[in-house]
Amino acid sequence: AQSVTQPDARVTVSEGASLQLRCKYSYSGTPYLFWYVQYPRQGLQLLLKYYSGDPVVQGVNGFEAEFIKSNSSFHLRKASVHWSDSAVYFCAVSAPGNYKYVFGAGTRLKVIA
Amino acid sequence: GPKVLQIPSHQIIDMGQMVTLNCDPVSNHLYFYWYKQILGQQMEFLVNFYNGKVMEKSKLFKDQFSVERPDGSYFTLKIQPTALEDSAVYFCASSFPGLGYAEQFFGPGTRLTVL
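Computed from a predicted structure; not experimentally measured.

What the largest pocket holds in volume is close to 840 Å³. In terms of lining residues, the largest pocket is bounded by 32 residues, among which A:Gln38, A:Arg108, B:Gln37, B:Leu39 and B:Arg111 are the most central. Tallied by class, residues from the lining of the largest pocket come to 15 nonpolar, 13 polar and four charged. Residue lining of the second largest pocket: 17 residues in total, with A:Leu44, A:Gln45, B:Pro2, B:Lys3 and B:Phe106 positioned closest to the centre. For the lining of the second largest pocket, the elements supplying multiple residues, two or more each, are strand E6 (44-50) of chain A together with strand E10 (105-106) of chain B. Broken down by element, the lining of the second largest pocket gets its largest block of residues, three residues, from E6(A). Counted by class, the lining of the second largest pocket contains nine nonpolar, six polar and two charged residues.

The structure is reproduced here in structure tokens:
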């Protein structure tokens, strides 16, 4: 069975600084991987996804993530954060052919001036 | 982009009552899902639904839970009777057939409080 670990419950960064949010998964094969963002009182919005191919995937608003199979990781990165990036970020994994997500616990990002 | 709507946003009911949570999925989507998130905890899969049938359900999907989508209207989650441990935020999601099935679109959630 799949599992996802987001080891950082809360992250605080200064505006303009770089960001990495960590995600590690447990799955025997190559899963489908996702990062979602949740703003207050809104649904989860997809930032980026990985199915196969180039392990570095680009997403919306300057986010990217790198799939490293040897490390079972799919960390989210951004070169320069903006105050509007403050939100909760969820990593999710899905086994190919399976119709459900397994989510991490989420990381609450706070961007300060 | 495509939006999933959920009605109501917040529901407060007494233990033992029935509750129906409504989801209006993206119009051309055919796969539907419910997830449950207890405050401060992980979002967990409850059930998925396709072509009028439950495809998979988790151990959280108790006998008191049921889902349906009559005549292409709302995708609903019914809990009858409710219990205190059903208090949570319930998220609906939908996805499209093909490889795109893997990308789920989520609603904003319904916060259910059982007293």
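Counted under the stated rule, the structure contains two disulfides over all chains. Across a sulfur-sulfur distance of 2.0 Å, A:Cys23 and A:Cys91 are joined as a disulfide pair. The chirality of the disulfide connecting A:Cys23 with A:Cys91 is left-handed, given an S-S dihedral of about -60 degrees. Residue A:Cys23 is located in the loop between strand E3 (19-21) and strand E4 (24-26), and its partner A:Cys91 is located in strand E10 (residues 87-94); the two are separated by 68 residues in the primary sequence. Like A:Cys91, A:Cys23 is buried. Here B:Cys23 engages in a disulfide with B:Cys92; their sulfurs sit 1.8 Å apart. With the S-S dihedral at roughly -65 degrees, the linkage between B:Cys23 and B:Cys92 falls on the left-handed side. Remark: B:Cys92 occurs in strand E9 (residues 88-95) and B:Cys23 occurs in strand E3 (residues 19-24); sequence separation between them is 69 residues.

Calculation criteria
Residues numbered from 1 in each chain as written. Chains lettered and ligands numbered in written order. Predicted model: local features only at pLDDT ≥ 70, side-chain atom pairs only at ≥ 80, totals over all residues. Heavy atoms only, no water. 1 Å grid on protein atoms, 1.4 Å probe; cavity = no way out; pocket = protein on both sides within 12 Å on 5 of 7 lines; lining within 4 Å. Points joined across faces, edges and corners; volume = space filled by probe spheres on them. Nonpolar A, V, L, I, M, F, W, Y, C, P; charged D, E, K, R; others polar. Helix = DSSP H or I, 4+ residues; strand = E, 2+ residues; numbered from the N terminus. Disulfide = S-S within 2.5 Å. Buried < 20%, exposed > 50% of the residue type's maximum accessible area, 1.4 Å probe, protein only.

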